[in-house]
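Descriptive analysis of the structure
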Amino acid sequence: MTRARVLLLTAALGPLDYRVPQGSDAPLGSVVVAPLGPRRMGGVVWEDESFGAPEPVGDNRLRNLYEIVPVPPVPAPLRRLVEWTSDYYLAPPGAVLRMVLPGAAFADARRPIVEYRATGELPARMTPQRIVALEKIGARQGLVRELAALADVSEAVIRGLVQAGALEAVSVSADAPYPEPDPDFGPPDLSAEQAAAASQLRDAVTAAIFETLLLDGVTGSGKTEVYMEAIAAAVEAGKQALVLLPEIALTEPMLTRFAARFGCEPVAWHSGLRSTERRRAWHAIARGEAKIVVGARSALFLPYADLGLIVVDEAHETSFKQEDGVHYHARDVAVMRGHFEALPVILASATPALESLAQVEAGRYRHIILPARYGGAMLPDLAAIDMRQDPPDRGRWLAPPLVDALADRLHKGEQSLLFLNRRGFAPLTLCRTCGHRIQCPNCTAWMVEHRLVHRLACHHCGHVMPPPRLCPECEDEDSLVACGPGVERVADEVTLRFPEARTAIVTSDTLWSPAKAAEFVANVEGGLIDIIIGTQLVTKGYHFPNLTLVGVVDADLGLDGGDLRASERTFQQIAQVAGRAGRGVKPGEVLIQTRVPDAPVMAALVANDREGFYAAEAASRRQAGAPPYGRFAALVISSEDIDVARGVAQRLGQKAPVADGLAIYGPAPAPLAMLRGRHRFRLLLHAPRSFDLQGTIRDWVARIDWPAKARLAIDVDPYSFV
Ligand SMILES: [Zn+2]
Ligand SMILES: [Zn+2]
């Protein structure tokens, strides 16, 4: 008889042994469905020697595998990547494997799925709910569940609309082939510098060996056109290419640019896909038919049949770090995937992470520099507005010089962008009478007012409530006031000052789908917008030639909180948003509102002294032993019961390992002491680079008994310290 060791798709268990049914074959990597207690569970046939041996089970007690799923086996290099990720980030291997095999992997690609779309007929009985639902659904189609979510109604309402003839069933085939990209479709017009960089990247793809290349070019230098040449080389070689993007909102304009270069849109992979699209994409990726894949970080673990290149665009973005479940950094795991699969990895950025520059310095990454903007466009002029000398009017947020600059652009018919990295209207609602601040019941966080939708919302757990009329504390009437600005409030000020200006607010609240992002781009390109007010969502990727002014409303915002990367992030964010100005023929101007114009990061930005900033930042990190010259890891213990969480944290603290060079801070209440109703305590480890942090943590957490009510989250190389 044949045994198979199977890694199941559950975080709770290691590998288990099963019997392969007679007449079947289940080689390593096979995707299977196995019995687990009374349940059916997916998994992959794995090497016997990985993850240590499970409890020995006699042949006669083994259970039969239910099914060997007819999809390509998970290749050995990807199995090694799952093991490495599990080991490095101290995450259960089954949890990592779930990113390789989402539900779409087990859906039969040949079986058509039934979706629904509007017929244009209105039901005889129209309720307000039905009117709103049909309006929101518009021309889109999807499963009943997806349409219900889209329209914010119950599934029963959708089914009612089907019965009334307002929605009709459509059969969708999930294995329709994708169009083949043509590497010669729209050859680019490259500058000499771009061509030189592109030829290095093409050669790296042809060589088909592991190498990391840092494509480092100022904003507007045409990095995308350059790395598209590497993608063309991969497609010419019959291989697949993966492009990771930090934001889903960026996907849509990117798809259009790819279509112009390759004659068809690439295959997209992100959380916004409908389940039929997801199923079709997963199977095409696993069969090697999806040649170019553009996706969010979750696209990184998919089982590409023949990957030839990975590009991480805007590689410095911290949103590549996953902050729940498996706490991995997609940029770093992408480099490991390149290592296991022997392929080049391109990290593209105008403001590389200090981590990436340190790898260049150590000789491990090749540095490819694009020093100038494409087409002779000049970098914009940056200037600081000292908010202590030039304060805005009372209750306003824009200083006089910025207001004058906006008026000037409006007069000339040019576009402006105001950047404030804060969603909503106001970050805090305060009672003037008693000083009460409205806080989330589940989190240590203020409720943020979103005036456009008349709600207070918690940005951590999603809790929403209508704005109260009375103070919940002293019950005084009309005593609640909004404190501080969010983008909605800045937009209000713009409308007050310039009633004729056409504005657009750009945040994840307004650009929540690729279609919305496409609409925004079309409006700006079509000259229908004068002033954009946006969060970090507008800082990258967009190319608007008529945008000549960028105003940074509060440059100091990111410096609060004492995060070790605060200066670096502020530099990157402002350099990125500044890069939106003056990308066409007309020169750009950037005005930075700050109360600390002398801070090194502000001085470096205004002087356009990137090298000086990075050198100073590197020196101070080296001295502090901070990344990339030292390492951190965080253990966060949480429980709904504060005593349980505190108790576990204290027991861990008592058993803390002692070692040369290792410092352990805590246990202490985490800065976000409560999150989603769970109390949180934190221990922070700090050690030199060479220190075996993972081994130390593994031994340490095994030394105490874990009550069922306590949960442990381990964050190796954390980017968030709350
Ligand atoms: Zn009050
Ligand atoms: Zn909350």
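Residues numbered from 1 in each chain as written. Chains lettered and ligands numbered in written order. Predicted model: local features only at pLDDT ≥ 70, side-chain atom pairs only at ≥ 80, totals over all residues. Heavy atoms only, no water.

As recorded by an unreviewed UniProt entry, the protein chain carries the name Replication restart protein PriA and is attributed to Sphingopyxis flava. Regarding the protein chain, the relevant UniProt record gives this comment under Sequence similarities (unreviewed entry): "Belongs to the helicase family. PriA subfamily." Word for word, the UniProt comment on the protein chain under Subunit (unreviewed entry) is "Component of the replication restart primosome." (UniProt positions renumbered as here; feature names shortened; annotations may be inferred.)

What follows deals with the overall build of the protein chain. Helices and strands together make up the secondary structure of the protein chain, namely 19 helices and 29 strands. Here the protein chain has a C-alpha radius of gyration of 27 Å; the compact-globule value for 722 residues is 27 Å, and the two agree. Relative to its 722 residues, the protein chain shows a buried fraction of 53%. In the protein chain, the proportion of contacts linking residues at least 24 apart, taken out of those at least 6 apart, comes to 76%. (Helix = DSSP H or I, 4+ residues; strand = E, 2+ residues; numbered from the N terminus. Rg over C-alpha atoms; globule rule 2.2 N^0.38 Å. Buried < 20%, exposed > 50% of the residue type's maximum accessible area, 1.4 Å probe, protein only. Contact = heavy atoms within 4.5 Å.)

Moving on, we get to the coordination of the zinc ion (ligand 1). Protein coordination at the zinc ion (ligand 1): the donors are Cys431 (SG), Cys434 (SG), Cys471 (SG) and Cys474 (SG), at 2.3 to 2.4 Å from the metal. For the zinc ion (ligand 1), the four donor atoms are set out with angles of 108 to 111 degrees between them, so the coordination reads as tetrahedral. Written as a sequence motif, the donor arrangement for the zinc ion (ligand 1) is C-x2-C-x36-C-x2-C. By relative accessible area, which is 1% here, Cys431 ends up buried. (Donors = N, O, S within 2.8 Å, 3.2 Å for Na, K, Ca; no water. Tetrahedral: all angles 85-135°; square planar, octahedral: opposite > 155°, others 65-115°.)

Taken as a whole, this structure holds 13 aromatic pairs when the rule is applied. The interplanar angle of 40 degrees and the centroid separation of 5.9 Å between the aromatic rings of Trp46 and Phe51 together place this pair among those described as tilted. With centroids separated by 5.9 Å and ring planes inclined at 90 degrees, the aromatic side chains of Phe520 and Phe544 adopt a geometry described as edge-to-face. Of this pair, Phe520 sits in helix α14 (residues 514–525) while Phe544 sits in the loop between β23 (531–534) and β24 (547–552); the two residues are 24 residues apart in sequence, bridging distant segments of the chain. Residues Phe520 and Phe544 agree in their burial class; the two are buried. In textbook terms, an aromatic cluster arises when at least three aromatic residues are bridged by ring pairs, as seen for Trp84, Tyr88 and Tyr89. (Phe/Tyr/Trp six-rings, centres within 6.5 Å; stacked < 30°, edge-to-face > 60°.)

The UniProt entry lists Cys431, Cys434, Cys471 and Cys474 under the feature "binding site: Zn(2+) 1" (unreviewed entry), expressed in the numbering used here. These annotated residues cover 44 residues of sequence, and their C-alpha atoms lie no more than 8.6 Å from one another, placing them together at a single site. Within the secondary structure, Cys431 is located in strand β17 (residues 428–431). Excluding residues within four positions of it along the chain, Cys431 makes contact with His436, Cys471, Cys474, Ser479 and Leu480. Mapped onto the fold, Cys474 is located in the loop between β20 (464–465) and β21 (480–483). The residues touching Cys474, leaving out its near neighbours within four places in the chain, are Cys431, Thr433 and Cys434.

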